[in-house]
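# Survey of secondary and tertiary structure
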Amino acid sequence: MRTGRTGAVTVTATALAGALAFTVFAAPAAQAADTGITVTGMVVNNGKPIVVGISEEKSPGLSFRVTWPASHTVTTIDAHPYLYHDTTAANGADHGGIYMGSVTLYDDSPTSADCDGELYIDPPYTLDSNNDATTWKIGVVARLWDKTDTKLQAQEYLTGFGSVAVKRAARATVNASPEPVAKGKAITVTGRATRADWVKHAYVGHADKLAKLQFRKAGTSTYQTVKYVRTNSTGYLKTTVTASADGYWRWSYGETSTTGGATAKSDYVDVV
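Residues numbered from 1 in each chain as written. Predicted model: local features only at pLDDT ≥ 70, side-chain atom pairs only at ≥ 80, totals over all residues. Heavy atoms only, no water.

Now for the overall build of the protein chain. Regarding its fold elements, the protein chain presents two helices and 19 strands. Here the protein chain holds 272 residues, and the buried ones make up 48% of them. The long-range fraction of contacts in the protein chain, counting pairs at least 24 apart against all pairs at least 6 apart in sequence, stands at 69%. Summed over its atoms, the accessible surface of the protein chain is roughly 12800 Å², and 49% of this surface lies on carbon and sulfur atoms. (Helix = DSSP H or I, 4+ residues; strand = E, 2+ residues; numbered from the N terminus. Buried < 20%, exposed > 50% of the residue type's maximum accessible area, 1.4 Å probe, protein only. Contact = heavy atoms within 4.5 Å. Areas by Shrake-Rupley, 256 points an atom, 1.4 Å probe, with all protein chains shown as cover.)

Now the structure itself:
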């Protein structure tokens, strides 16, 4: 906000995403006061969990409506959403949170605007513990500035917007052999379930994970679950089935409270 423009206004908050880590929001105690700013209709990532890997940056979308006191304008207010967990809203705004990357304001009245924006997640830096795979609360840092845009008049941490799950990304692989195979003979299907480790910055075996072995007969479009197999201590899967028809084999498993689900790219076996 504080853009000096009306209509559709885009504000890129690059500094908020990591390096600055919201230290600019740590106002002196005398400035911590009711701002009169209200935020409603907060939606983060369309209400879905945020699934994050080990290196790819993520920009979960968010939307909300902000209203401010009549004595201020869009140029003298801030409303910056962020995520935090296992701490207070104030501490989460200062460090260890997930912060806003950009926001676009649609200033449709003198005292309110609809906002669309993005959070910013850079896994090696934003997420540095697997304990970060948990439920994060949604907060908003609200601030009022004077007309010179230099003096902070009031600041508060708004809460009560619900939460969003942040999960470790998962992967699955499959290999079915021999290829080709005689009808009625055994097919050995192997694979591995892995998930992002935000400490090691690598995908590691997902132990004791129940996976579905699925088959799609050539010429059809639907996979059928053949059996369930649990991974070993390092995430590997192995089972045997009887060859009956040409088709595609894959492993698939669902998400948990801390980890996303995954489905392997299928492996085709020709039955002769």
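What follows concerns the pairing of strand 4 (residues 61–67). Two faces make up the sheet, and in a regular strand the side chains alternate between them. Residues of strand 4 alternate between two faces, with L62, F64 and V66 buried on one and G61, S63, R65 and T67 left unburied on the opposite face. Inspection of the sheet shows strand 2 (residues 38–44) paired to strand 4 by five bridges, in the antiparallel sense. By the bridge assignment, V44 is partnered in strand 4 with L62. Summarising the sheet, strand 4 and strand 7 (residues 112–120) pair through seven bridges and their orientation is antiparallel. Bridge assignment links F64 to a residue of strand 7, and that residue is C115. (Pairing = 2+ DSSP bridges.)

Turning to the packing of aromatic side chains, a few remarks are in order. Evaluated as defined, the whole model comprises three aromatic pairs. Relative to Y84, the ring of Y82 lies with its centre 5.6 Å away and its plane at 35°, an arrangement referred to as tilted. Taken individually, Y82 and Y84 each receive the classification buried, so the pair is uniform in this respect. Taking 4.9 Å as the distance between ring centres and 55° as the angle between the ring planes, the aromatic pair formed by Y248 and Y268 counts as tilted. Placement of Y248 in strand 17 (residues 247–253) and of Y268 in strand 19 (residues 267–269) is noted, with a sequence separation of 20 residues between them. Look at Y248 and you get partly exposed, because its relative accessible area is 25%. Seen from the ring of Y203, R171 lies directly overhead, with NZ or CZ sitting 3.8 Å from the centre. One Lys or Arg, R216, reaches over the ring of Y248 and ends 4.3 Å from the middle of that ring. (Phe/Tyr/Trp six-rings, centres within 6.5 Å; stacked < 30°, edge-to-face > 60°. Lys NZ or Arg CZ within 6 Å of the ring centre and 35° of its normal.)

Before going further, it helps to spend a moment on the pattern of salt bridges. In this structure the tally under the stated criterion is five salt bridges. We note a salt bridge from R65 to D108, for which the minimum N-O separation is 3.1 Å. With R65 in strand 4 and D108 in strand 6 (residues 98–109), the pair connects residues that are 43 residues apart, well separated along the chain. Residue D78 is joined to R143 by a salt bridge in which the shortest nitrogen-to-oxygen separation is 2.5 Å. Of this pair, D78 sits in strand 5 (residues 77–84) while R143 is found in strand 8 (residues 135–145), placing the two residues 65 residues apart along the sequence. Residues joined by salt bridges that share partners form a network here, namely R65, D108 and D114. (Salt bridge = Lys/Arg side-chain N within 4 Å of Asp/Glu carboxyl O.)

Detailed conclusions should not be drawn from predicted coordinates in areas where pLDDT is low. When pLDDT is averaged along the protein chain, the result is 90, and 88% of the positions lie at 70 or above. Predicted confidence is poor over residues 2–9, with pLDDT under 50, and the contacts of this stretch with residues over four places away or in other chains come to 25 contacts. Of the regions scoring below 50 in pLDDT, residues 11–31 engages in 50 contacts with residues more than four places distant in sequence or in other chains. (pLDDT = per-residue confidence, 0-100.)

With respect to the helices and strands, the residue R250 is situated in strand 17. No salt bridge is formed by the buried R250, whose closest oppositely charged neighbour, D267, lies at an N-O distance of 13 Å. When residues no more than four places from it in sequence are discounted, the contact partners of R250 are V174, K212, L213, Q214, Y223, T263, A264 and S266. (Lys, Arg positive; Asp, Glu negative; His and termini not counted.)

Bridging between strand 12 (residues 186–197) and strand 13 (residues 202–205) involves four bridges; their strand directions are antiparallel. When the sheet's bridge partners are listed, R195 is paired in strand 13 with V204. Hairpin connection, strand 12 to strand 13: the antiparallel pair is bridged by four residues, and H201 has positive phi, about 55°.

In this structure, V39, F64 and V66 are the most contacted members of the largest nonpolar core, which totals 39 residues. In contact with V66, not counting residues within four places along its chain, are I37, T38, V39, I77, A79, T111, S112, A113 and C115. Membership of the second largest hydrophobic core comes to 22 residues, among which are A172, I187, A193 and A262. (Core = buried A, V, L, I, M, F, W, Y, C linked by side-chain atoms within 4.5 Å.)

Glancing now at the environment of I54. Structurally, I54 is set in the loop between strand 3 (50–52) and strand 4. Residues within four places of I54 in sequence aside, it is in contact with P123, P124, A196, D197, H201, A202 and Y203.

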